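# Structural description and commentary
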Amino acid sequence: MRVSNIRSGRIFRLALCFLVILPLLYLLANWSDNHKRVQRAYHARFGGRKQSHQRLESRPREAPKLVEGLGNFEPRNLRPRHGAGENGDAHILWPNKTNVADAAEMEYGMNIACSDEISMHRSVRDTRLEECKHWNYPYDLPTTSVIIVFHNEGFSVLMRTVHSVIDRSPKHVLHEIILVDDYSDKENLRTKLDHYVQQFQGLVKIIRNKEREGLIRTRSRGAMEATGEVIVFLDAHCEVNLNWLPPLLAPIYRDRTVMTVPIIDGIDHKTFEYTPVYEGDKHFRGIFEWGMLYKENDVPRREQQRRAHNSEPYRSPTHAGGLFAINRDYFLELGAYDPGLLVWGGENFELSFKIWQCGGSIEWVPCSRVGHVYRGFMPYNFGKLAEKKKGPLITINYKRVIETWFDAPHKEFFYTREPLARYLDMGDISEQLALKKRLNCKSFQWFMDNVAYDVLDKFPALPANLHWGELRSVASDGCLDSMSNEPPALMGFTYCQGTGNQLMRLNAEGQLGVDERCVEADRQGIKLAVCRLGTVTGPWSYDEHSKHLLHHRHRKCMALHPETLQLSLARCDANNAYQQWLFKKIRPDW
Ligand code: LR7
Ligand code: MN
């Protein structure tokens with residue numbers, strides 16, 4: 001009995017060995033095989049930076065392929081998740097949290113209390129075109145460093161950005177995530193953050209600026225520190241969607257001078273609801289107006305027709321700025337961002353013009369979608385950097401960019417739209433001009449003719465300003481003012497302050513403008529209106545002798561009501577000082 005017991009025990013153990021160890025051995029062999037494959041791919045790119053270029057050239061440039069079944073990188077067997085904000089649904093806080101929510105909104109420009117109740121791993125709705133699920137991408141895509149710069153962001157929002165990247169990117173492609181702290185002063189972004197990222201075992205790195213650098217220089221620093229072949233920039237309040245990364249990398253894999261941009265979805269700053277910005281299967285691309293405000297416009301037919309499938313990438317003149325992928329070495333060869341650009345704004349144009357004019361291209365990728373929290377307002381100030389530079393810092397950035405990349409006629413459009421920019425000190429741009437020369441970059445006219453050929457349809461050449469400045473009443477001490485209102489709204493009349501809201505321009509075609517808006521008139525009064533796209537004409541003329549502002553269609557004059565100080569059109573009266581106006585040039589004293 002005992003013998004047989006021992007025997008049967010042995011047999012049992014032997015069987016156990018086979019049952020447990022063999023599969024283990026099999027798994028191990030497989031793993032090391034896989035591991036070797038990943039390592040080979042890794043070494044091909046990182047076994048010394050100098051070599052990597054040669055290898056890069058000799059690599060077969062496989063194009064993505066549309067297939068019958070699910071694409072090779074598509075997630076499989078996704079389990080539905082339940083809970084706050086899952087599926088990208090809005091999450092509404094209980095009424096007793098209203099105060100916390102309001103405080104968070106004030107502090108961060110978004111409802112961090114709401115975000116805190118949503119899982120780090122929440123699901124979002126798949127906003128892609130159906131076709132996107134059926135692309136096969138090359139397996140050995142370039143390794144990627146995701147760079148997230150942040151200044152005083154909400155902890156849970158920042159970390160959900162990180163988790164979504166880890167959860168939804170192929171492991172063998174995601175080389176690292178670099179968090180660059182632009183001198184935040186919130187306590188939880190220091191020790192707590194350091195501890196939190198330990199769970200990622202080195203995949204997530206934190207570097208910190210010793211002083212506030214602004215997002216532009218901070219991104220350049222991140223690029224410098226990155227060791228992946230491609231860098232992807234994300235804002236610190238994003239959630240990447242399903243299979244977002246391979247479609248972004250595929251065009252760069254074939255051509256290192258392509259920069260790619262995901263389609264940006266919206267995440268509501270109050271409820272964290274995830275929704276597409278544009279519904280349907282129509283595509284949009286980035287352009288600009290002459291005051292350098294970023295605009296989007298439908299993709300022209302000429303560009304649509306270059307592609308066989310609607311889910312394929314398309315070319316775009318510019319991009320919004322925050323979210324994009326680019327070969328790291330290529331970005332640095334282009335000089336990264338102009339280091340003279342301060343804090344915020346204009347860097348998206350600088351990079352766009354530089355890439356296109358110097359031989360590269362920008363593609364927007366419909367199958368790559370990333371959600372971004374659009375905030376209610378900007379929750380931070382520009383710090384010391386803004387104090388050093390007098391005058392509106394963003395306009396100074398624009399001026400550097402247009403002085404470097406525009407030609408004379410197009411620069412004139414910018415100065416017509418932003419008359420004060422002529423007086424701003426943009427600093428030294430000789431390095432930027434030298435770079436443009438060294439890289440043998442094409443002219444702005446080439447860019448307008450071949451890339452941004454749809455801009456002039458929407459934002460035509462600007463006729464010169466006949467008059468500009470504050471529009472002062474002769475009868476009463478005050479000026480026309482758009483009051484920071486959104487059109488349609490009545491124009492206001494307040495103390496003259498010479499600010500942007502009072503800077504009026506009357507062009508040679510009769511259009512009266514204030515920033516990107518137009519001043520019009522009807523029976524209700526003088527109104528702030530959206531300028532009709534594609535036109536630069538208007539109903540106004542100014543007579544320097546009578547000081548009247550005449551509305552041609554109504555054959556009436558702009559008048560101020562002596563008591564209510566309301567603005568309206570009235571029958572022209574040469575003896576009425578309340579119909580007399582003076583354009584007074586504002587000379588900035590900064
Ligand atoms: O001083 C700063 N230092 C920083 O590190 C100021 C900001 N930042 C960080 C900040 O924490 C965030 O992660 O930089 C990132 C971008 O700043 P945001 O989110 O305040 O910018 P934005 O989303 O309002 O504005 C858009 O334009 C910017 C400046 O030109 C940047 O390019 C942003 O990345 C860009 N955002 C997008 O493109 C997302 C889509 C929005 C649109 C259209
Ligand atoms: Mn942002």
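Computed from a predicted model, the values in this text were never measured in an experiment.

Rules of the game
Residues numbered from 1 in each chain as written. Chains lettered and ligands numbered in written order. Predicted model: local features only at pLDDT ≥ 70, side-chain atom pairs only at ≥ 80, totals over all residues. Heavy atoms only, no water. Donors = N, O, S within 2.8 Å, 3.2 Å for Na, K, Ca; no water. Helix = DSSP H or I, 4+ residues; strand = E, 2+ residues; numbered from the N terminus. Buried < 20%, exposed > 50% of the residue type's maximum accessible area, 1.4 Å probe, protein only. 1 Å grid on protein atoms, 1.4 Å probe; cavity = no way out; pocket = protein on both sides within 12 Å on 5 of 7 lines; lining within 4 Å. Points joined across faces, edges and corners; volume = space filled by probe spheres on them. Nonpolar A, V, L, I, M, F, W, Y, C, P; charged D, E, K, R; others polar. Contact = heavy atoms within 4.5 Å. Axes fitted to C-alpha atoms, helices over the stretch in contact; angles between N-to-C directions. Left-handed = near helix turned anticlockwise from the far one by under 90°. Near = heavy atom within 4 Å. Polar contact = N/O pair within 3.5 Å; in protein donor to acceptor, adjacent residues only side chain to side chain. Areas by Shrake-Rupley, 256 points an atom, 1.4 Å probe, with all protein chains shown as cover. Pairing = 2+ DSSP bridges. Salt bridge = Lys/Arg side-chain N within 4 Å of Asp/Glu carboxyl O. Expected span 1.5 Å × (residues − 1).

## Thoughts on the coordination of the manganese ion (ligand 2)
Distances from the manganese ion (ligand 2) to its protein donors, Asp235 (OD), His237 (NE2) and His372 (NE2), fall within 2.2 to 2.3 Å. If you list the donors of the manganese ion (ligand 2) from N- to C-terminus, the spacing comes out as D-x1-H-x134-H. A residue pair is termed long-range when its members are at least 10 positions apart, and aspartate 235 in the loop between strand 6 (230-234) and strand 7 (238-240) and histidine 372 in strand 14 (residues 361-373) qualify at 137 residues. On the basis of relative accessible area, aspartate 235 is assigned to the buried category, the value being 19%. Here histidine 372 falls in the buried class, since its relative accessible area comes to 12%.

## Some points on empty space enclosed by the protein
The method is simple in principle: a probe with the dimensions of a water molecule rolls over the atoms, and the space it marks as empty is what remains. Counted by the stated rule, this structure contains 2 cavities of 30 Å³ or more. Roughly 30 Å³ of internal volume is contained in the second largest cavity. As for the second largest cavity, its lining consists of Val157, Arg160, Thr161, His237, Cys238, Glu239, Ile267, Phe272 and Val373. Put simply, the parts of the chain that give the lining of the second largest cavity at least two residues each are helix 5 (155-168) and strand 7. If you tally residues by element for the lining of the second largest cavity, the top one is helix 5, at 3 residues. A class-by-class count of the residues in the lining of the second largest cavity yields 5 nonpolar, 2 polar and 2 charged.

## Here's the deal with the environment of tyrosine 453
Among the structural elements, tyrosine 453 can be located in the loop between helix 16 (444-450) and helix 17 (455-458). On a C-alpha basis, the gap between tyrosine 453 and proline 300 in space is 9.1 Å, while along the polypeptide they are 153 residues apart. Those residues within four positions of tyrosine 453 in sequence are excluded, and the remaining contacts are Arg285, Pro300, Arg302, Glu303 and Met448.

## Points about the packing of helix 13 (residues 393-405) against helix 15 (residues 430-438)
Across the interface, helix 13 lies against helix 15 with an axial gap of 9 Å and an inter-helix angle of 35°. Of the two possible hands of crossing, helix 13 and helix 15 adopt the one that is right-handed. Judged by residue contacts, Arg400, Glu403, Thr404 and Trp405 of helix 13 engage Gln432, Leu433 and Lys436 from helix 15. Classifying every residue of the contact of helix 13 with helix 15 by side-chain character gives 2 nonpolar, 2 polar and 3 charged.

## Here we look at the site of ligand 1
Near ligand 1 there are 25 residues, and of these Glu153, Asp182, Arg212, Glu347 and Tyr380 occur at the shortest range. With respect to ligand 1, the backbone of histidine 151 contributes an N or O atom lying 3.1 Å from an oxygen atom. One of the backbone N or O atoms of leucine 215 is found 3.4 Å from a nitrogen atom in ligand 1. Here ligand 1 has 800 Å² of accessible area as a free molecule, and 90% of this is covered by the chains. Listed by contribution, the elements that provide at least two residues to the shell around ligand 1 are strand 3 (144-150) and helix 7 (214-225). For the shell around ligand 1, the element with the highest residue contribution is helix 7, accounting for 3 residues.

## Thoughts on the sheet that holds strand 23 (residues 540-543)
With antiparallel pairing, 4 strands are arranged side by side in an open sheet as 23-24-25-26. Whereas interior strands pair on both sides, the edge strands pair on one side only; in this sheet they are strand 23 and strand 26 (567-570). Adjacent strand axes in the sheet meet at a mean angle of 40°, parallel and antiparallel pairs treated alike. Here strand 24 (residues 548-551) pairs with strand 25 (residues 556-560) via 2 bridges, running antiparallel. By the bridge assignment for strand 25, histidine 551 is matched with lysine 556.

## With respect to the pattern of salt bridges
Applying the stated criterion across every chain, the model contains 35 salt bridges. In this structure, the salt-bridge partner of arginine 128 is aspartate 126, at a minimum N-O distance of 2.9 Å. On the basis of relative accessibility, which here comes to 10%, the residue arginine 128 falls in the buried class. Under the relative-accessibility criterion, aspartate 126 is labelled partly exposed at 31%. Shared partners join several salt bridges into a network, and the residues in it are Lys295, Glu486, Glu516 and Arg517.

## What to know about helix 13
Three or four residues apart is the spacing at which side chains of an α-helix point the same way, because the helix has 3.6 residues per turn. Between its first and last C-alpha, helix 13 extends 19 Å over 13 residues, near the 18 Å set by a 1.5 Å rise per residue. The element helix 13 is extensively covered by neighbouring structure, given that 12 of its 13 residues are classed as buried. Residues Leu393, Thr395, Ile396, Asn397, Tyr398, Lys399, Arg400, Val401, Ile402, Glu403, Thr404 and Trp405 constitute the buried set of helix 13.

Such coordinate-based values are descriptive only and should not be taken to indicate function.
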